[in-house]
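Topology and contacts: notes
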Amino acid sequence: MKKTYLLSLLAISVACACQAQAATYPDPVGPSQSDFGGVGLLQVPTARMAKDGEFSLNYRYNDQYRFYSSSVQLFPWLEATIRYTDVKTRRYSAVDSFSGTQSYKDKAFDLKARLWQEGYWLPEVSVGAKDLGGTGLFDSEYLVATKAWGPFDFTMGLGFGYLGNSGTVKNPFCQADSSYCYRSNTNGTAGSVSDKDLFKGPAAIFGGIEYQTPWQPLRLKVEYEGNDYQDDFAGRLEQKSKVNVGAIYRITDWADVNVSYERGNTLMAGFTLRTNFNDLHTASIDSPKPAYKPQPQGEFLEPTVVANQLTDLKYNAGLNGPDVQVNGDTMYVTGQQSKYRNTQEGVDRANLILMNNLPANVTKLSVTETRSHMPQVTTETDVDSLRQQLEGYPLGKEKMLDQKRVEPVDPGHTEQGYYIDADRFSYSLSPVLNQSVGGPESFYLYQLGVMGSASYWLTDHLLIDGSVFGNLTNNYDKFTYNGAPADSSLPRVRTHIRDYVENNVYVNNLQANYMHALGNGFYGQVYGGYLETMYGGVGGEVLYRPLDSDWAFGVDANYVKQRDWDNMMQFTDYNAKVGNLTAYWRPSFFNHQVLVKASVGQYLAEDKGATVDISRQFDSGVIVGAYATKTNVSAEEYGEGDFTKGFYISIPMDLFTATPTRGRAQVNWTPLTRDGGQMLGRKYQLYDMTTDRDKDFR
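Residues numbered from 1 in each chain as written. Predicted model: local features only at pLDDT ≥ 70, side-chain atom pairs only at ≥ 80, totals over all residues. Heavy atoms only, no water.

1. Some thoughts on the sheet that holds strand 16 (residues 374-382)
Cut-off, in case you're wondering: Here, any two strands with at least 2 DSSP bridges between them count as paired. Only DSSP runs of H or I with at least four residues qualify as helices, and only runs of E with at least two residues qualify as strands; both kinds are numbered from the N terminus onward. Note on definitions: angles span 0 to 180 degrees between N-to-C directions of axes, and those axes are lines fitted to C-alpha atoms, for helices only across the stretch in contact. Note on definitions: a residue-residue contact is assigned when non-hydrogen atoms from the two residues lie within 4.5 Å.
If you walk across this open sheet you meet the 6 strands as 17-16-15-14-13-18, and the pairing is mixed. Each edge of the sheet is formed by a strand with only one pairing partner; in this case those strands are strand 17 (403-406) and strand 18 (416-419). Averaged over all adjacent pairs, the angle separating strand axes in this sheet is 15°, with direction ignored. Summarising the sheet, strand 15 (residues 364-371) and strand 16 pair through 8 bridges and their orientation is antiparallel. Counterpart to L365 in the pairing with strand 16 is T381. Against the sheet, helix 4 (residues 343-356) makes contact with strand 13 (319-327), strand 14 (330-337), strand 15, strand 16 and strand 17, and its axis sits at roughly 140° relative to strand 15, the strand it touches most.

2. A word on the environment of V501
The test is simple: We call a residue buried when its accessible area falls under 20% of the maximum for its residue type, exposed when it is over 50%, and partly exposed in between, using a 1.4 Å probe and counting protein chains only.
Here V501 shows up in helix 6 (residues 497-501). In this structure V501 comes out as buried when scored by relative accessible area, which is 10%. When the C-alpha positions of V501 and A605 are compared, they lie 21 Å apart, and in sequence the two are 104 residues distant. Sequence-distant contacts of V501, defined by excluding residues within four places in its chain, comprise Q447 and Y476.

3. Structural notes on the environment of Y340
For clarity, the threshold we go by: We call two N or O atoms a polar contact when they sit within 3.5 Å, provided that within protein one can donate a hydrogen and the other can accept it, with sequence-adjacent residues counted only if both atoms are side-chain atoms.
Relative to the assigned elements, Y340 resides in the loop between strand 14 and helix 4. Placed 132 residues apart in sequence, Y340 and L472 show a C-alpha to C-alpha distance of 32 Å. Apart from residues no more than four positions distant in its own chain, Y340 is found in contact with D286, N316, A317, E345, G346, R349, P660 and R662. Only 3.1 Å separates the side chain of Y340 from the side chain of R349, close enough to count as a polar contact.

4. Here we look at the pattern of salt bridges
Let me state the cut-off plainly: What makes a salt bridge here is a side-chain nitrogen of Lys or Arg within 4 Å of a carboxyl oxygen of Asp or Glu, nothing more.
The full count for this structure, using the stated rule, is 33 salt bridges. Put simply, R341 and D654 hold a salt bridge, and the shortest N to O gap is 3.0 Å. Taken together, the positions of R341 in the loop between strand 14 and helix 4 and D654 in the loop between strand 30 (644-652) and strand 31 (664-669) put the pair 313 residues apart, joining distant regions of the chain. D654 shares its class with R341; the two are buried. R693 is the partner of E407 in a salt bridge, and the nearest nitrogen-oxygen pair spans 3.0 Å. Of this pair, E407 sits in the loop between strand 17 and strand 18 while R693 sits in the segment after helix 8 (686-689); the two residues are 286 residues apart in sequence, bridging distant segments of the chain.

5. Observations concerning the packing of helix 3 (residues 303-315) against helix 4
Cut-off, in case you're wondering: Throughout, the term roughly parallel applies to angles under 35 degrees, roughly antiparallel to angles over 145, roughly perpendicular to angles from 65 to 115, and oblique to all others. In this scheme the handedness of a crossing depends on how the near helix is turned from the far one: anticlockwise by less than a right angle means left-handed, clockwise means right-handed. Under the convention adopted here, Pro, Cys and the residues Ala, Val, Leu, Ile, Met, Phe, Trp and Tyr are nonpolar, Asp, Glu, Lys and Arg are charged, and Gly plus all remaining residues are polar.
The contact between helix 3 and helix 4 brings their axes to 10 Å, and the two run at 165°. Relative to helix 4, the element helix 3 lies roughly antiparallel. When you trace helix 3 past helix 4, the crossing you get is right-handed. Here Q309, D312 and L313 of helix 3 lie close against helix 4, whose contacting residues are A350, I353 and L354. Looking at the contact of helix 3 with helix 4, its residues break down into 4 nonpolar, 1 polar and 1 charged.

6. Things to note about the nonpolar core
Quick note on the threshold: Take the buried residues of types Ala, Val, Leu, Ile, Met, Phe, Trp, Tyr and Cys, join any two whose side-chain atoms come within 4.5 Å, and each joined set is a nonpolar core.
Within the largest apolar cluster, 21 residues are counted, with the highest numbers of intra-cluster contacts made by L313, V324, M331, V333, L358, V362 and L365. Among the elements that take part in this core, helix 4 stands out by supplying 5 residues, more than any other. The contact partners of L358, leaving out residues within four places of it in the chain, are P296, Q297, M331, L365, V383 and R387. One finds V432, Y527, M568 and A576 within the second-largest nonpolar core, a separate group that totals 19 residues.

7. Thoughts on unusual backbone geometry
Across the chain, the bulk of peptide bonds are trans and the bulk of non-glycine residues have phi less than zero. For S372, which is not a glycine, the phi torsion comes out positive at approximately 50°. With respect to the helices and strands, S372 occurs in the loop between strand 15 and strand 16. Of note in the backbone geometry, H592 takes a positive phi value of approximately 60° without being a glycine. Relative to the helices and strands, H592 resides in the loop between strand 26 (571-585) and strand 27 (594-602).

8. Remarks on the pairing of strand 4 (residues 103-116)
Most of strand 4 sits out of view: 10 of its 14 residues are buried. As judged from the 11 bridges shared by strand 3 (residues 78-91) and strand 4, these two strands associate in the antiparallel manner. Bridged to T81 within strand 4 is D110.

9. Thoughts on the sheet that holds strand 4
The strand order 1-2-3-4-5-6-7-8-9-10-11-12 describes a closed barrel built from 12 strands, whose pairing is antiparallel. Between one strand axis and the next, the sheet turns by 20° as a mean value, whatever way the strands run. Here strand 6 (residues 140-149) pairs with strand 7 (residues 152-161) via 10 bridges, running antiparallel. Opposite K147, over in strand 7, you have F154 as the bridge partner.

10. Regarding the environment of R424
Relative to the helices and strands, R424 is located in the loop between strand 18 and strand 19 (425-437). Linking R424 and Q297, residues 127 residues apart in sequence, is a C-alpha distance of 32 Å. The residues touching R424, leaving out its near neighbours within four places in the chain, are S455, Y456, W457, L458, T459 and D460.

11. Looking at the packing of aromatic side chains
So the rule is basically this: Two rings belonging to Phe, Tyr or Trp (six-membered ring only in the last case) form a pair when the distance between their centres is within 6.5 Å. Interplanar angles under 30 degrees mark stacking, angles over 60 mark edge-to-face geometry, and anything in between is tilted. In this scheme, the term charge over a ring applies when either NZ of a lysine or CZ of an arginine sits within 6 Å of the ring centre and within 35 degrees of the ring normal.
Taken as a whole and judged by the stated rule, the model has 37 aromatic pairs. Ring centres 6.0 Å apart and planes at 75° place the aromatic pair Y500 and W565 in the edge-to-face group. Highlighted residues: Y500 in helix 6 and W565 in the loop between strand 25 (551-563) and strand 26, separated in sequence by 65 residues. Among the residues examined, Y500 registers a relative accessible area of 1% and is labelled buried. Members of the aromatic cluster, connected to one another through ring pairs, are F75, W77, W551, F553, W585, F589 and F590. One Lys or Arg, R563, reaches over the ring of Y530 and ends 4.4 Å from the middle of that ring.

12. Here we look at helix 5 (residues 383-391)
As a reminder of what qualifies: It is the directions from the helix axis to the C-beta atoms that the arc portrays.
Three or more residues of helix 5 are buried, namely V383, S385 and L386. Projection of helix 5 onto a plane perpendicular to its axis shows the buried side chains occupying an angular sector of 160°, all on one side. Measuring from the side-chain oxygen of the N-cap residue of helix 5 to the backbone nitrogen of D384 gives 3.3 Å; that N-cap residue is D382. Phi turns positive, to about 100°, at G392, one or two residues after helix 5.

13. Section: the pairing of strand 26
The sheet contact formed by strand 25 and strand 26 spans 12 bridges and is antiparallel. For A552, the partnering residue across the bridge sits in strand 26 and is Y584. As paired strands, strand 26 and strand 27 are joined by 7 bridges and run antiparallel to one another. In the strand pairing of strand 27, W585 is matched with V596.

Spelled out as structure tokens, the structure:
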């Protein structure tokens, strides 16, 4: 495309944007995404951070590349970006029978951390690295500062690697160590993380300005970049100008479109879809909280009144299988919270239901929540205190509600009581999407199916559980290679995954679980059967989780055999002893919104090592996490990727459902599935089953 046409198209785009009728926004339009993903100008980053919890999906396109990226603001000071790059000028491999004509795909992981927040005189300062976990096509590091002046946002930075390829300045670290004067300029191994070239090699100054036009949805960008495109993976690209210009237009509060003219000869266009994990709200319609209309009972429970209370406790307060008892001056309620993620909402509703028909002489309410017939926590409330709060305090004499969470209370043999039987049988039908991104045969392999699950409680502690998967459609027929990894000597404990996917119908799990609360904060379970898609066996787990504590500890031990992918009701000859000792920590200095899980133990390939899993829970309940496992298997034995790692997003289903629910859906992204550092995928894990013991869980 000729330069004049490209400039005309850019001008027309800006002019059209200026004439369009756009929505107005109550808040200032925040920082925007760069071509690579992450807050920035076009090719270069800025020191700015998006609003805490912001999540964006980005797409950019030019003649050489397509960039697909996702960026999340994990903390106000930390931004993380994952990216797939489609290199249009290169094939995935030279072997047509392996990858056909598919173009080359590259995956990468970027981080940017804020060092200094902007003040009246000082700029915001950040440091970052691109392509930390990829093949290094765009690997670079930078130190960058940004300062606002009216509608202008000025940026200047020093880039190394891809951002500093032109070498317009001497690397300042050369003064301290001559090794910083050179960069290896070799592509890394896919999925591996290397720090050998950090801040090394040629360096260059970059910078630019983002201008917020008087018309709020439109912003303009101009930048000077430090890259010379002489060593680009797409080829030696002509650069007629180091100055790039662009415009970004906010269509609505969740979508931006952008167009830019770069290198003096290249048009780049794309869009960004965005949301904020802190601002998402539940879409469900809930029944109103009971009004306070006290009609006290006599000293003895009236069956018809209690029947209504039990119904309200089940359907309004969300306590499944409610049990109401009175002993002395205390009224006890027990049930499983099946409706509200915020269990305090269920307790408040239960207390209101009890207060409206309170028996005489009752001075204390005791609401105990259970999960899988294991008591979790009791909330005790003083009746006089609650009554005063409901009826209102005289002005200036307000008091705190006398309420506390304590270890589960067993009322024992009581004087009076009524209950509704909990359902022992349950079933569900849910969609399942298995997927693989970035493979040589096809960029996106998928399998869409349904999972039918059913469970039955034989006793209050023994659960029989099973699920059957049925395939609806998939494109895994494009996957042609199914041999053993040539670069690994480990037993194939996970790389047979696509052999299992080829089965259209299979029993996903069929197991018996015996679960019990052992007291004093201890919980335990033993189990046996087909435990997951690839493994069956027996095992057990014990968890120590003090009430409302930042800490918990668990241990599990299992003996498993690999299921036969040709006949999943049988086993192969491979077996393993696996287990982990795990510590859980919710640090108070992160307002209990961060969970750190650290495990040590033996994995499916009987390699020994440790896993660290760090996740952030946002105000909406969305959880974003990352994990990494390093075992005694060397990078050479492990093969491509060096070690196991991945990312995930857990989404509360009540953000989408019509009624409140505690269900969640999880999206996983594993750059590479290999055989080292692989855990058993147990369906029931005690830490997940005891979340009600954490007052901050939402």
